[in-house]
Amino acid sequence: MLHRSSLPALALTAALSLTIGTASAFDATKYPDWSGQWLRPAGVGTQWDQTKKAGLTQQAPLIPEYQARLEASIADQASGGQGDDARVSCITAGMPRIMTATRPFELVVLPAITYVYGEGNIPRRIYTDGRSFPKNEEPSYMGYSIGKWVDENADGKYDVLEVETRNFKGPRTYENSGMRLHDDNESVVKERFFLDKANPDLLKIEITTIDHALTRPWTITKTFRRNRNVMWGEYDCAESNNHVQVGKEYYFLSADGYLMPTRKDQPPPDPRYFKTAK
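Quick caveat, the model's predicted, so the values are computed rather than measured. (Residues numbered from 1 in each chain as written. Predicted model: local features only at pLDDT ≥ 70, side-chain atom pairs only at ≥ 80, totals over all residues. Heavy atoms only, no water.)

**Some thoughts on the nonpolar core**
Then, number 1: Core analysis: the biggest nonpolar cluster contains 37 residues, and Trp-34, Phe-105, Phe-193 and Leu-203 have the highest contact counts within it.
Then, number 2: Counting residues per element, the ones that place at least two in this core are α2 (64-78), β2 (105-109), β6 (160-166), β7 (188-195), β8 (202-210) and β9 (218-227).
Then, number 3: Not counting residues up to four positions away in its chain, the partners in contact with Phe-105 are Gly-36, Gln-37, Trp-38, Val-116, Tyr-117, Gly-118, Leu-203, Ile-205, Phe-224 and Trp-232.
Then, number 4: Listed in part, the five residues of the second largest apolar core include Ile-113, Tyr-115, Tyr-127 and Tyr-144. (Core = buried A, V, L, I, M, F, W, Y, C linked by side-chain atoms within 4.5 Å. Buried < 20%, exposed > 50% of the residue type's maximum accessible area, 1.4 Å probe, protein only. Helix = DSSP H or I, 4+ residues; strand = E, 2+ residues; numbered from the N terminus. Contact = heavy atoms within 4.5 Å.)

Written as structure tokens, this is what we have:
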């Protein structure tokens, strides 16, 4: 019989053996090098299609209802409102807008999952273990992402990560113009991640959105540049955010702590739940 004091040592040995076996099964040389920090190219803003200006210039293939909503959103923003862009209240951008990279992001490739870490956002998880979409997963702004590695060159190394994301909740927009995805949240987002063949410090992400607010699938390609001298900052959207939403109206918190209107002739908040001074 084994002495009781030897049991912890045996358990530790077994755990280490399992860890070593798992690590050796993951051959990192088969996967692309996506290390470092990924940022938008210099001069590129947070518009959805990086090659066009935000708003109507995007020429999104919207159905008439959602084209009208976009135009109304832009008009409201021109008069001082926020339109359909709810980001001022610090609601998460969700998918696919999260892949605009308002802040830098990092890609961490593991055997069964690839993480997308962005400053100020919860990690996005792309499962690559062969699973199917769950039937009872709670919808989320980020959705549920399943990926597949592809060896396009047949050289024994993966070149492309293909991803499909479903199971959303909203509201979600593409950019700060307030261009919305459909309220039914039945979007399907397909992506292809790959390095530029001429420059491995450029990451390409081809994104196709299939959504009932669109007349057809909409495909764009985003480019990100690698920073190898990584420095990360801490970003908290709620910190020093002076935008205040009351009901359906957005106000601004002044330096002296009082609410200010954001557009001309904006009505004050409804004080129905407060006792007014006599």
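**A short note on α2**
Then, number 1: Here α2 contains 15 residues, and its C-alpha end-to-end distance of 21 Å stays within 8% of the 21 Å for a straight helix at 1.5 Å per residue.
Then, number 2: Regarding α2, the residues found buried are Tyr-66, Leu-70 and Ser-73. Down the axis, α2 shows its buried residues gathered within 60 degrees of arc, on one side only. Facing away from the buried side of α2, by more than 90 degrees, are the exposed residues Pro-64 and Ala-78.
Then, number 3: Two residues or fewer past α2, Gly-80 is found with a positive phi of approximately 110 degrees. (Expected span 1.5 Å × (residues − 1). Arc of directions from axis to C-beta.)

**Things to note about the sheet that holds strand β12 (residues 259-260)**
Then, number 1: In spatial order, the strands read β10-β11-β12; together these three strands make up an open sheet with antiparallel pairing. In this open sheet, the two edge strands, each paired with only one partner strand, are β10 (243-246) and β12.
Then, number 2: Summarising the sheet, strand β11 (residues 249-253) and β12 pair through two bridges and their orientation is antiparallel. The residue bridging Phe-252 from the neighbouring strand is Met-260, located in β12. (Pairing = 2+ DSSP bridges.)

**Side note on the packing of aromatic side chains**
Then, number 1: If you walk through the whole model with that rule in mind, you get eleven aromatic pairs.
Then, number 2: With 5.4 Å between their ring centres and 20 degrees between their planes, Tyr-115 and Tyr-117 make a pair best called stacked.
Then, number 3: Look at Tyr-117 and you get partly exposed, because its relative accessible area is 32%.
Then, number 4: Cation over ring: Arg-166 sits above Phe-133, and NZ or CZ is 5.7 Å from the ring centre. (Phe/Tyr/Trp six-rings, centres within 6.5 Å; stacked < 30°, edge-to-face > 60°. Lys NZ or Arg CZ within 6 Å of the ring centre and 35° of its normal.)

**Here's the deal with the environment of His-212**
Then, number 1: If you trace the backbone, His-212 turns up in the loop between β8 and β9.
Then, number 2: Along the sequence, His-212 and Asp-183 sit 29 residues apart, while their C-alpha atoms lie 8.8 Å from each other.
Then, number 3: Not counting chain neighbours up to four residues away, the residues in contact with His-212 comprise Ile-63, His-182, Asp-184 and Glu-186.
Then, number 4: Among the polar contacts made by the side chain of His-212, one reaches the side chain of Asp-184 at a distance of 2.6 Å. (Polar contact = N/O pair within 3.5 Å; in protein donor to acceptor, adjacent residues only side chain to side chain.)

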